[in-house]
Amino acid sequence: MRFILSISLVASCMLYGMDNQAVDIIQTYRTKGIEATKSMLENYLTQKDFWMGVLQNKDTDYGYYENVDFIFVADKSIPDLALYENNNGKLTKVNQTSVLIGSGKGNKKVEGDLTTPIGVYDITTRLSGLNQYYGPLALVTSYPNTYDKVRKKTGYGIWIHGLPLNGNRQELNTKGCIAVENNTLNQYDKIIGKKKTILISYEQSFKPATKEELANILSDLYKWRDSWIKNDLEDYLSFYGNDFIRYDGMKINAFKDYKKRVFDKKEEKNILFSNINISPYPNEEGKNIFKISFSQDYSAFKNNKPTYTSTSIKELYIVLEAGKISILSEK
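Treat the numbers as computed from the prediction; the structure is a model and nothing was measured.

S.K.: Where do I start with unusual backbone geometry in this structure?
M.R.: With the exception of glycine, most residues fall at negative phi, and the peptide bonds are largely trans. Across the junction of Ile 78 and Pro 79, the peptide omega takes the value -15°, indicating a cis bond. Mapped onto the elements, Pro 79 comes out in the loop between β2 (70-75) and β3 (80-87). For the bond running from Tyr 143 to Pro 144, omega is -5°, close enough to zero to count as cis. Position of Pro 144 among the secondary structure elements: in the loop between β6 (137-141) and α5 (146-150). Phi angles above zero are rare outside glycine, and Asn 275 is one such case at about 50°. With a relative accessible area of 31%, Asn 275 lands in the partly exposed category. Unusually for a residue other than glycine, Ala 322 sits at a positive phi of about 55°. On the secondary structure map, Ala 322 appears in the loop between β13 (305-321) and β14 (324-330). With relative accessibility at 89%, the residue Ala 322 sits in the exposed group.

Given below as structure tokens:
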């Protein structure tokens, strides 16, 4: 596994113009073996220039995605809904159409405020056989997400659904959902199928992600991981903001105490990230917020004996300030 990872990274280095470094790695492998190249390869993952090379030919306005196939983008101010297909970083617009949304302005805050949320959400489930009012089907979103919950937002059942099958639609707004013409929704359903799809929802102003921002985020993500592996508590905690709140409500001071107890065990760790997805996160505060999700394989050892293993989907909500990430919430 490590050999495959090493050769893959060397190939990436050569592909993105890092020929001298690739030569150094191959020479080190030739003379000292695969283990000697590991730190060199890991170092690349913390370098902004490496990630700028990875991103150079990708469409990044709506983020960076390793396992998202489709992206819905809704502008509440029009209102409309666009669907993009993601093919290895190249985005193709499938369609864009007018929709109905909730009557409330701004972001959703509490249950019953008749407002369509602003943010980034997974499409989690497909529903059919509903009351004819919702059309032929509904695509369920993950509202409220972790960031919503730690900010005490309430409500549920935010869908992308159709129009009444009996043709009787007198209301010009929904209760917070996004309503799409039925033929269009059926078309989207056939295209998306069970493929990974997200929704980015905003009102009037959307700030596209830049390659530089995404490269900073990716390199910092691996610096954060590096400090975690090395049990460098001070550096690890430097990636967390003072207003951090974990998914379960734990705030920054309690989190620091908890992590100190964990790091004091001095365990050896193997931490692998894959399927990294980064979305610019629209918000009313005008902050440079992003949602990061990834698969995490975690193993800890003490005296060469395993003490803990886990495989999970990790979520981070971060703000990018002066080119450095600050974690706002984590699950």
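Don't stop here, the text continues.
S.K.: Sorry, what's going on with the layout of surface pockets here?
M.R.: Empty space among the atoms becomes apparent when a probe as large as a water molecule is rolled across them. Roughly 470 Å³ of volume is contained in the second largest pocket. Around the second largest pocket, the lining comprises 20 residues; the ones closest to its centre are Trp 228, Tyr 258, Lys 259, Tyr 308 and Lys 314. Those elements giving two or more residues to the lining of the second largest pocket turn out to be α9 (252-263), β12 (289-302) and β13. Take the lining of the second largest pocket: its biggest share by element is 6 residues, from β13. Residues of the lining of the second largest pocket, tallied by class, amount to 9 nonpolar, 4 polar and 7 charged.

S.K.: I would appreciate a short explanation of the nonpolar core in the present structure.
M.R.: Within soluble globular proteins, side chains that are nonpolar tend to cluster in buried spots. Trp 51, Tyr 64, Trp 224, Tyr 240, Ile 276, Ile 278 and Ile 318 are the most contacted members of the largest nonpolar core, which totals 42 residues. The element contributing the most residues to this core is helix α7 (residues 211-229), with 8 residues. Leaving out residues up to four positions away in the same chain, Tyr 240 has contacts with Trp 224, Ile 252, Phe 255, Ser 326, Ile 327 and Glu 330. Listed in part, the 22 residues of the second largest apolar core include Tyr 84, Ile 198, Phe 206 and Tyr 281.

S.K.: How should the pairing of β2 be read in this particular structure?
M.R.: The two faces of a sheet get side chains in turn, since along a regular strand they alternate between them. Counting buried positions along β2 yields 6 of 6 residues, so the element is predominantly enclosed. The alternating pattern of β2 places Phe 70, Phe 72 and Ala 74 on one face and Ile 71, Val 73 and Asp 75 on the opposite face, and all of these are buried. Of the pairings in the sheet, the one linking β2 to β3 comprises 6 bridges and is antiparallel in character. Its bridge partner being in β3, Ile 71 is matched across the sheet by Tyr 84. Both β2 and strand β9 (residues 197-202) contribute to a ladder of 6 bridges, which runs parallel. If you follow Ile 71 over to β9, its bridge partner there is Ile 198.

S.K.: So what exactly am I meant to see when it comes to the sheet that holds β3 here?
M.R.: Within a sheet, each strand pairs with its neighbour through backbone hydrogen bonds, oriented either parallel or antiparallel. Spatial ordering of the open sheet is given by β4-β3-β2-β9-β5-β6-β7-β8, a layout of 8 strands whose pairing is mixed. Single-partner strands in this sheet number two, and they are β4 (90-98) and β8 (178-179). Sheet contacts for helix α6 (residues 182-192): β2, β3, β4, β5 (119-128), β6, β7 (159-161) and β9; angle to β4, the most-contacted strand, approximately 160°.

S.K.: Got a minute to help me understand the side chain of Thr 37 in this structure?
M.R.: Mapping Thr 37 onto the fold places it in helix α3 (residues 34-45). With a relative accessible area of 1%, Thr 37 lands in the buried category. From its side chain, Thr 37 meets the backbone oxygen of Ile 34 in a polar contact 2.7 Å long.

S.K.: How do you make sense of the side chain of Asn 145 when you look at a structure like this?
M.R.: Structurally, Asn 145 is set in the loop between β6 and α5. For Asn 145, a relative accessible area of 5% gives the class buried. Within the structure, Asn 145 has its side chain in polar contact with the backbone oxygen of Val 120 (distance 3.1 Å). Only 2.8 Å separates the side chain of Asn 145 from the backbone nitrogen of Asp 148, close enough to count as a polar contact. Leave out the neighbours within four places in its chain, and Asn 145 touches Val 120, Tyr 121, Tyr 281 and Tyr 317.

S.K.: Would you mind showing me how to read the pattern of salt bridges here?
M.R.: If charged atoms from side chains of opposite charge come close, those side chains can pair. The final tally for this structure, using the stated rule, is 15 salt bridges. Across the salt bridge formed by Arg 246 and Asp 248, the nearest N and O atoms sit 2.6 Å from each other. A residue is classified by how much of its surface remains accessible, and Asp 248, at 41% relative accessible area, is partly exposed. Among the salt bridges present, the one from Lys 314 reaches Glu 330, with a minimum N-O distance of 2.8 Å. Here Glu 330 lies in strand β14 and Lys 314 lies in strand β13, a separation of 16 residues in the sequence. The residues Lys 314 and Glu 330 share a single accessibility class, namely buried. Several salt bridges converge on common partners, so that one network encompasses Asp 122, Lys 196 and Lys 291.

Reading guide: rules and limits
Residues numbered from 1 in each chain as written. Predicted model: local features only at pLDDT ≥ 70, side-chain atom pairs only at ≥ 80, totals over all residues. Heavy atoms only, no water. Helix = DSSP H or I, 4+ residues; strand = E, 2+ residues; numbered from the N terminus. Buried < 20%, exposed > 50% of the residue type's maximum accessible area, 1.4 Å probe, protein only. 1 Å grid on protein atoms, 1.4 Å probe; cavity = no way out; pocket = protein on both sides within 12 Å on 5 of 7 lines; lining within 4 Å. Points joined across faces, edges and corners; volume = space filled by probe spheres on them. Nonpolar A, V, L, I, M, F, W, Y, C, P; charged D, E, K, R; others polar. Core = buried A, V, L, I, M, F, W, Y, C linked by side-chain atoms within 4.5 Å. Contact = heavy atoms within 4.5 Å. Pairing = 2+ DSSP bridges. Axes fitted to C-alpha atoms, helices over the stretch in contact; angles between N-to-C directions. Polar contact = N/O pair within 3.5 Å; in protein donor to acceptor, adjacent residues only side chain to side chain. Salt bridge = Lys/Arg side-chain N within 4 Å of Asp/Glu carboxyl O.

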